[in-house]
Amino acid sequence: METPGLVVHGEAEPFSTALRSLVNNRLYSDVRFVVGQEQQEVFAHRCLLACRCNFFQRLLGQEPGPGVPSPVVLSTVPAEAFLAVLEFLYTNSVKLQRHSVLEVLTAAVEYGLEELRELCLEFVVKMLDVELVCETLQVAVTFGLGPLQERCIAFIEAHSQVQLPIFILPTPHLILLLPDPFSDPQEVLGTRGFLELSAPALLPLLRSDNLCVDEAELVLAARSWARVGAAVLERPVAEVAAPVVRELRLALLAPAELSALEEQNRREPLIPVEQIVEAWKCHALRRGDAAREAPCRRRRGTVPREHHRFLDLPFK
C-alpha cells in the first residue's frame with residue numbers, strides 16, 4: 001500500500017514577493033485594462049485573475065479575439081484601488097491606505113471578493129474619524145453593510161456637536177443662527193462628507209435620539225446639506241430636502257426660533273408649511289403629541305428650553 005504523501009510548505013514571503021513583482025508588469029501579461037477616469041493602463045495575467053475571482057473569470061472567459069474588446073475598460077474604479085485589488089489577488093495580502101480604502105472596499109464588494117471586503121472593513125473601523133465617517137456611512141448604505149452603518153451612526157452620534165451660537169438681531173421675531181468661528185471644523189456636521197450624503201444615508205441620522213446636537217443646529221446642517229444637493233442636481237432646495245426634513249423636530253424650537261425659521265423659510269423654502277404649522281400646534285396646545293407629524297422627542301444634545309416641560313404631558 002502506497003504511503004500517503006505529505007504536503008510541505010516553503011517560505012511564503014519570497015513567493016508573495018515574486019508574485020507582487022508581477023502586479024501591473026507588462027512581462028508575460030496577456031490582458032490590458034484601462035481603469036478610472038484617468039484612463040491608466042494596467043497590465044495583468046488572465047489565468048491568475050480568473051482562478052482567483054469569479055468576476056474576472058466571467059469577464060475574461062473568452063479567448064482573446066476579434067469579438068473581445070481590447071483593452072478591457074473599467075472606468076468606475078480608480079487606478080489606485082484597482083491596483084490594490086490586483087495586489088490582493090496576486091499575493092493574498094494588500095497594503096491599505098486611509099485615503100483610498102473606501103474605493104478598495106467598493107471594488108471588493110462589486111467584484112465579490114469577500115476576504116478583501118472583510119480586511120477593508122476591519123481597517124476602516126480602526127481608522128474611523130470625523131473626516132472619514134460620513135463617506136464610510138455612504139458606502140455602508142449603498143452596499144447594505146448593516147454593521148458598518150451602525151458603527152458609523154454611533155460614531156456620528158458621539159461627534160456631532162457643532163456649537164452654533166444664537167445671535168438675536170433687533171428685527172422683531174428674527175433670530176439668525178450663525179456658525180461659531182472658533183468651533184472645531186473637524187466636527188462631523190461640518191465635513192464635506194456630511195454635505196455629500198445621499199438622502200437614504202442622512203435619514204437614519206435625523207431619526208436618531210442620540211445625536212449630540214441641538215435641533216436649531218440640525219436645521220442649519222440640513223439646510224446646508226440641501227443647498228449642496230440643489231447645486232449639484234440643479235433642483236430646488238425644498239425638493240432636495242423633501243425626503244429628510246420630516247425628521248426635523250421643529251416643536252423643540254422656542255417660539256422665537258420657530259418664527260425666525262418661518263421667516264427664513266419664506267425667503268428660501270426648505271420645510272413644508274404644514275410641518276411648521278404642526279410645530280406651532282404643539283406650542284399652542286402645550287402638548288407633545290398635539291400633532292402626530294411633529295415629533296417632540298428630545299435628542300441627547302437638545303438644549304433645554306422653557307416650553308420643553310410641556311412636551312412630555314399626554315394630550316387629552
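Scroll up for the structure.
Throughout what follows, the structure given in this document is the object of discussion. (Residues numbered from 1 in each chain as written. Predicted model: local features only at pLDDT ≥ 70, side-chain atom pairs only at ≥ 80, totals over all residues. Heavy atoms only, no water.)

**Points about the overall build of the chain**
In terms of regular secondary structure, the chain is built from 14 helices and five strands. When each of the 316 residues of the chain is scored for burial, the buried share is 45%. Accessible surface for the chain amounts to roughly 17,500 Å². Of this, 56% is attributable to carbon and sulfur atoms. (Helix = DSSP H or I, 4+ residues; strand = E, 2+ residues; numbered from the N terminus. Buried < 20%, exposed > 50% of the residue type's maximum accessible area, 1.4 Å probe, protein only. Areas by Shrake-Rupley, 256 points an atom, 1.4 Å probe, with all protein chains shown as cover.)

**As for the nonpolar core**
Ranked by size, the top nonpolar core spans 91 residues in total, and within it F33, F56, F82, Y111 and L250 carry the most contacts. In this view, Y111 contacts C53, F55, F56, L74, V77, F82 and V85; residues no more than four positions away in its chain are not counted. (Core = buried A, V, L, I, M, F, W, Y, C linked by side-chain atoms within 4.5 Å. Contact = heavy atoms within 4.5 Å.)

**Some details on the pairing of strand β1 (residues 31-35)**
One face of the sheet, then the other: side chains in a regular strand alternate in exactly this way. Among the five residues that make up β1, four are buried, leaving the element largely enclosed by the rest of the structure. In terms of strand pairing, β1 meets strand β2 (residues 40-44) through five bridges, oriented antiparallel. Across the sheet, F33 pairs through a bridge with V42, a residue of β2. Remark: four residues form the turn of the hairpin made by β1 and β2, two consecutive strands paired antiparallel; G36 in that turn has positive phi of roughly 75°. (Pairing = 2+ DSSP bridges.)

**With respect to a negative patch on the surface**
Where like charges cluster on the molecular surface, the negative patch consists of E80, E103, E131 and E135. Overall, E103 belongs to the partly exposed group, its relative accessible area being 34%. (Patch = residues over 30% accessible without salt bridge, like charges linked within 9 Å, V, L, I, M, F, W, Y side chains within 5 Å. Salt bridge = Lys/Arg side-chain N within 4 Å of Asp/Glu carboxyl O. Lys, Arg positive; Asp, Glu negative; His and termini not counted. Charge placed at Lys NZ, Arg CZ, Asp CG, Glu CD.)

**Let's talk about the layout of surface pockets**
To find leftover empty space, one rolls a probe the size of a water molecule over the atoms. Space inside the second largest pocket adds up to approximately 450 Å³. Residue assignment for the lining of the second largest pocket shows that the elements contributing at least two residues are α5 (101-110) and α7 (133-142). No other element matches the six residues that α5 contributes to the lining of the second largest pocket. Of the residues contributing to the lining of the second largest pocket, the split by class is 10 nonpolar, seven polar and five charged. (1 Å grid on protein atoms, 1.4 Å probe; cavity = no way out; pocket = protein on both sides within 12 Å on 5 of 7 lines; lining within 4 Å. Points joined across faces, edges and corners; volume = space filled by probe spheres on them. Nonpolar A, V, L, I, M, F, W, Y, C, P; charged D, E, K, R; others polar.)

**Observations concerning the state of the cysteines**
All told, the structure shown has zero disulfides when counted by the stated rule. As a non-bridged cysteine, C134 has C152 as the owner of its nearest cysteine sulfur, 8.3 Å distant. With relative accessibility at 0%, the residue C134 sits in the buried group. (Disulfide = S-S within 2.5 Å.)

**Let's talk about the side chain of H45**
Residue position: H45 is located in the loop between β2 and α2 (46-52). Using a relative accessible area of 8% as the deciding quantity, one classes H45 as buried. Separated by 3.1 Å, the side chain of H45 and the backbone oxygen of L27 make a polar contact. (Polar contact = N/O pair within 3.5 Å; in protein donor to acceptor, adjacent residues only side chain to side chain.)

**As for α5**
Within α5, seven of the 10 residues are buried, which leaves it mostly tucked inside the rest of the structure. Three or more residues of α5 are buried, namely V101, L102, V104, L105, T106, A107 and A108. Contacts made by the buried residues of α5 are with α4 (79-91), α6 (114-127), α7 and α8 (146-158).

**Topic: the packing of helix α13 (residues 255-267) against helix α14 (residues 273-285)**
Put simply, α13 and α14 touch, their axes get as near as 11 Å, and they point 165° apart. The orientation of α13 relative to α14 falls into the category roughly antiparallel. Viewed along their axes, α13 and α14 form a crossing whose handedness is left-handed. Contacts from P255, L258, S259, E262 and N265 in α13 reach I276, A279, W280 and H283 in α14. Considering only residue class, the contact of α13 with α14 consists of five nonpolar, three polar and one charged. (Axes fitted to C-alpha atoms, helices over the stretch in contact; angles between N-to-C directions. Parallel < 35°, antiparallel > 145°, perpendicular 65-115°, else oblique. Left-handed = near helix turned anticlockwise from the far one by under 90°.)

**Some details on the side chain of R249**
Relative to the helices and strands, R249 resides in the loop between α12 (237-241) and α13. Of the residues examined, R249 reaches a relative accessible area of 3% and is grouped as buried. A polar atom in the side chain of R249 sits 3.2 Å from the backbone oxygen of R207. Every residue in contact with R249, bar those within four places of it in the chain, is listed here: L206, R207, S208, D209, E215, P295, R297, R298 and R299.

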